[in-house]
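Listed below are the residues making up each chain.
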Protein chains: 2
Amino acid sequence: MQIQISKRMSKPDFQGEFVDAMLKAATAPDLISFGGGLPNPISFPVEDIEAAVNKVLQENGVQALQYSSTAGYGPLRSFIAKRYARFGVTLSADDIIITNGSQQALDMLSAVLVDPGDEVLVERPSYLAALQTFHLYDPEVLTVGLTESGADCDELEELLKHHSPKFFYAIPNFQNPTGLTYSKEVRERVATLVASTNMLMVEDNPYGELRFRGEGGESFGRYLGEQCCMLGTFSKTVSPGMRIGWIACPNRALMEKLLGYKQVMDLHTNIFCQMVLAQYLQDNDLDAHMTKIKNLYQHQADVMMDCIARYMPEGVRYTKPEGGMFIWATMPDGLSAVEVQNEAVKRGVLVTAGDPFYEKDRGVATMRLNYSNCTDEKIEQGIQILAQVIRDLLQARQG
Amino acid sequence: MQIQISKRMSKPDFQGEFVDAMLKAATAPDLISFGGGLPNPISFPVEDIEAAVNKVLQENGVQALQYSSTAGYGPLRSFIAKRYARFGVTLSADDIIITNGSQQALDMLSAVLVDPGDEVLVERPSYLAALQTFHLYDPEVLTVGLTESGADCDELEELLKHHSPKFFYAIPNFQNPTGLTYSKEVRERVATLVASTNMLMVEDNPYGELRFRGEGGESFGRYLGEQCCMLGTFSKTVSPGMRIGWIACPNRALMEKLLGYKQVMDLHTNIFCQMVLAQYLQDNDLDAHMTKIKNLYQHQADVMMDCIARYMPEGVRYTKPEGGMFIWATMPDGLSAVEVQNEAVKRGVLVTAGDPFYEKDRGVATMRLNYSNCTDEKIEQGIQILAQVIRDLLQARQG
């Protein structure tokens, strides 16, 4: 018996070699890890969740355990819709579909929009797992570079003269992997460019609530209305383990297609966690909870930036995030980040080389550093080791 | 702005008109419903789940709220693997992937196995939502008829002489929609036929634990080993709202592909519910719980069968399930089940006409009756009304 795998799944995994290397590296014991993207466990409101779950089971136990609707739990959808006011967008519960984390939303949008050979547009670099999802649908992946203030608008304008992508997938706030954020001016110019096309703006905003410095963060939905699909998640605010994300979009025709597809995929997202989360959000002050997380991440980011400034050799550049979980570092003299990653893991520090976040570029000099899940001491120790690795590699090259 | 939907999602929904009609009918107030497939809420162990969730949050709260592994929670996978002993199969936790309900497993298998134009084989009739999933992948859907003792083996043997399906999707125990079960002889003959091919046996077994009469139910995994993929779910035993299903298969190469695909789809199934369920299963006797559910469903099935025998006009035939949630009724003189459904809903009774469970047949005389979610009184009242509808339609035809 010889089972024949589909062509779709017989291709090498997109970026599979990098993901395998990362996973393998992560199993080494006693690593100082700047490699992942996990929320700090201190941020999980375990006791408040326990209170919420008891209330749900005592008051609506049967509903929490029974089949439910594909779009998701009404009160949770209402909460999400109302909260968009702070990002400058007016939405109703009908504009929200609850998904199994925002990762599922990436698949839903790809399935509903992308035929093989269609163009899609992403930032350069972009979120690895989004690239992996898009690649399942065989698109032509176009990229637009990032500057310190967001997408390179001149490059975008030029690109749109010659191409017609189905969507532009962007992470405008504290981007994964770079930690960069779009300025208000860039948002407005990108919105104007998008509005002149038939492409959908897909705004992924997992970190938008994690702004610990500066201001801004208006959603593209404010500028683009029905032409913007906003993805969100509770993974970085309450719990990733519950897998509760969402798609927000006032475009009825699109939402109907997304809903039909999700129904065939898995009927609905688990209603038990949706109800527990809605109860938690009703009985607690999410803003107070977020303040705790933001203070923590701000402190960790500051410690890491201080250590980089203090220990790294001259020529190492790095982004200075105003929120989120990541710093993006660029090695001097085009030093390969994969080389740095491989040597660093031998010395007990895990980082993520930039390569898998690029659609095409390889041997890049950039790498992602996560600061949300480390103590001050580990951050200092890890950056010292990393600095020494870079120094050694630079010296080896000169030698 | 004109967003262009993918070709995949621009086709009319497979069976969409029937699903729309069913959903619309279900919104009518005060219906007696034999139309759905919901577990009886009496069967949900609300208090035991509450005890389990408190224990999980107090002992492992952070783990339950953090990101987790794609394959699923170890102790839950072990529980599932061990329980296959009762279906004659020896498995380990490594042979299990936890899914968002078994519906997600249908998509995972389709994605990993089916290229456009590939043949897949299903029972005639088969589970509507499985057909809908398969259709997303543009296969040629072949069908094999069902007899009172399972798949028609002669038809299957003949079909396999001329076709090479990628898989045979079957529900051998208390099938949805027919309630029919494969006899031991049919299982053995089907297994022998499948073993002579390169196709995968996909055994969907959502109702296998719900046997309230007779014996049997050995899994095809016993006969086919690596050539059998077994789908299961806690939706009919503990809770559908948690969306916890699984794929069980000792075929390593296949499982690796399924795991890679699931990771890109949604990273992992919600770990919170997985841990709560595992704790519930550790602290409670699932068999004792199942006895309660089976006694309930046996009683409800008996009431419905008695009422059909007592009230239905001559010539109405029906299956006599030994478990599960459904009876399959055939109207006399080729009366259209859609006509019966439409007239019945006007008189306050919801049934599901057989048509959407068939790949091609339309205007069929069969319909599905669900008994798991009704009181004795409602069952009697509903069957009386339905009998009258059938009588009236038969008379109108003669008149």
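- As annotated in an unreviewed UniProt entry, chain A carries the name PLP-dependent aminotransferase family protein and comes from Oscillibacter hominis.
- Annotation of chain A in UniProt includes, under Cofactor (unreviewed entry), the sentence "pyridoxal 5'-phosphate".
- Chain A has a UniProt comment under Sequence similarities (unreviewed entry) that states "Belongs to the class-I pyridoxal-phosphate-dependent aminotransferase family."

1. Some details on the domain arrangement of chain A
Interfaces are frequently sized by the accessible area removed from exposure as the parts join.
Residue and element names in this part refer to chain A.
In step 1: When the domains of chain A are assigned, the result is domain 1 (14-44 + 288-398) and domain 2 (46-283).
In step 2: Distance from the C-alpha centre of domain 1 to the C-alpha centre of domain 2: 26 Å.
In step 3: Of the residues lining the interface, 33 residues belong to domain 1; the matching set on domain 2 comes to 34 residues.
In step 4: For the pair domain 1 and domain 2, the summed buried surface comes to about 2900 Å²; carbon and sulfur atoms form 63% of the total.
In step 5: Between domain 1 and domain 2 we count 2 salt bridges in total.
In step 6: Here Arg211 and Glu322 are joined by a salt bridge, their closest N and O atoms 2.8 Å apart.
In step 7: Counting across the interface, domain 1 meets domain 2 through 11 residue pairs in polar contact (both at pLDDT 80 or more).
In step 8: The set of elements that each furnish at least two residues to the side of domain 1 that touches domain 2 consists of helix H2 (16-26), helix H12 (286-311) and strand S11 (326-330).
In step 9: When residues of the side of domain 1 that touches domain 2 are assigned to their parent elements, the largest contribution, 9 residues, is made by H12.
In step 10: Taken together, the residues of the side of domain 1 that touches domain 2 sort by class into 19 nonpolar, 7 polar and 7 charged.

2. Topic: the packing of aromatic side chains
In step 1: Within the structure shown, the criterion is met by 17 aromatic pairs over all chains.
In step 2: When the centroid spacing of 6.4 Å and the interplanar angle of 45° are considered together, the rings of Trp328 of chain B and Tyr358 of chain B count as tilted. Pair noted here: Trp328 of chain B is in strand S11 (residues 326-330) and Tyr358 of chain B is in the loop between strand S13 (352-353) and strand S14 (366-370), with a separation of 30 residues, a long-range link. Each of the two residues, Trp328 of chain B as well as Tyr358 of chain B, counts as buried.
In step 3: Members of the aromatic cluster, joined through ring pairs, are Phe134, Phe167 and Tyr169 of chain A.
In step 4: In this structure, Lys320 of chain A is placed above the aromatic ring of Tyr318 of chain A, and the distance from its NZ or CZ to the ring centre is 4.4 Å.

3. Focus: the interface of chain A and chain B
In step 1: Taken together, the contact between chain A and chain B spans 70 residues of the former and 70 residues of the latter.
In step 2: Across the chain A/chain B interface, buried area totals approximately 6200 Å², and carbon plus sulfur atoms make up 64% of it.
In step 3: In this structure, the connection of chain A to chain B is made through 2 salt bridges.
In step 4: Here Asp115 of chain B and Lys7 of chain A are joined by a salt bridge, their closest N and O atoms 3.9 Å apart.
In step 5: Counting every contact that joins chain A to chain B gives 39 residue pairs in polar contact (both at pLDDT 80 or more).
In step 6: Elements that contribute at least two residues to the side of chain A that touches chain B include exactly helix H1 (7-10), helix H3 (46-65), helix H5 (101-113), helix H6 (128-135), helix H10 (252-266) and helix H11 (271-283) of chain A.
In step 7: At 11 residues, the largest contribution of residues to the side of chain A that touches chain B is made by H3 of chain A.
In step 8: Grouping the constituent residues of the side of chain A that touches chain B by class yields 33 nonpolar, 26 polar and 11 charged.

4. As for the UniProt feature "domain: Aminotransferase class I/classII large" (unreviewed entry) in chain A
In step 1: Sites flagged by UniProt as "domain: Aminotransferase class I/classII large" (unreviewed entry) map to residues 49-384 of chain A.
In step 2: With 44% helix and 17% strand, the stretch residues 49-384 of chain A has end C-alpha atoms that lie 38 Å from each other.

5. Observations concerning the nonpolar core
Inside soluble globular proteins, nonpolar side chains tend to come together where they are buried.
In step 1: The biggest cluster of nonpolar side chains holds 280 residues, and the ones touching the most others in it are Phe272 of chain A together with Phe272 of chain B.
In step 2: Every residue in contact with Phe272 of chain B, bar those within four places of it in the chain, is listed here: Ile49, Gly241, Met242, Phe272 and Cys273 of chain A together with Val53, Leu57, Ala64 and Leu65 of chain B.

6. Some thoughts on the environment of Leu121 of chain A
All names here are of chain A.
In step 1: Note on placement: Leu121 falls in strand S3 (residues 119-124).
In step 2: Of the residues examined, Leu121 reaches a relative accessible area of 0% and is grouped as buried.
In step 3: In this structure, the C-alpha to C-alpha distance between Leu121 and Ile32, residues 89 residues apart in sequence, is 35 Å.
In step 4: Leu121 has contacts with Leu142, Thr143, Val144, Leu156, Leu159, Pro165, Phe167, Phe168, Tyr169 and Met199, leaving out every residue within four places of it along the chain.

7. A word on the pairing of S11 of chain B
All names here are of chain B.
In step 1: In terms of residue burial, S11 counts as a mostly covered element, since 5 of its 5 residues are buried.
In step 2: Side chains Phe326, Trp328 and Thr330 of S11 all project onto a buried face; the interleaved residues Ile327 and Ala329 project onto the opposite face, where all are buried too.
In step 3: Across 2 bridges, strand S10 (residues 317-318) lies against S11 in antiparallel orientation. Pairing of Arg317 across the sheet is with Thr330, part of S11.
In step 4: Summarising the sheet, S11 and S14 pair through 5 bridges and their orientation is antiparallel. Across the sheet, Thr330 pairs through a bridge with Thr366, a residue of S14.

Scoring rules and cut-offs
- Residues numbered from 1 in each chain as written.
- Chains lettered and ligands numbered in written order.
- Predicted model: local features only at pLDDT ≥ 70, side-chain atom pairs only at ≥ 80, totals over all residues.
- Heavy atoms only, no water.
- UniProt positions renumbered as here; feature names shortened; annotations may be inferred.
- Domains from an automatic or database assignment.
- Contact = heavy atoms within 4.5 Å.
- Buried area = accessible area lost by both parts, 1.4 Å probe.
- Salt bridge = Lys/Arg side-chain N within 4 Å of Asp/Glu carboxyl O.
- Polar contact = N/O pair within 3.5 Å; in protein donor to acceptor, adjacent residues only side chain to side chain.
- Helix = DSSP H or I, 4+ residues; strand = E, 2+ residues; numbered from the N terminus.
- Nonpolar A, V, L, I, M, F, W, Y, C, P; charged D, E, K, R; others polar.
- Phe/Tyr/Trp six-rings, centres within 6.5 Å; stacked < 30°, edge-to-face > 60°.
- Buried < 20%, exposed > 50% of the residue type's maximum accessible area, 1.4 Å probe, protein only.
- Lys NZ or Arg CZ within 6 Å of the ring centre and 35° of its normal.
- Core = buried A, V, L, I, M, F, W, Y, C linked by side-chain atoms within 4.5 Å.
- Pairing = 2+ DSSP bridges.

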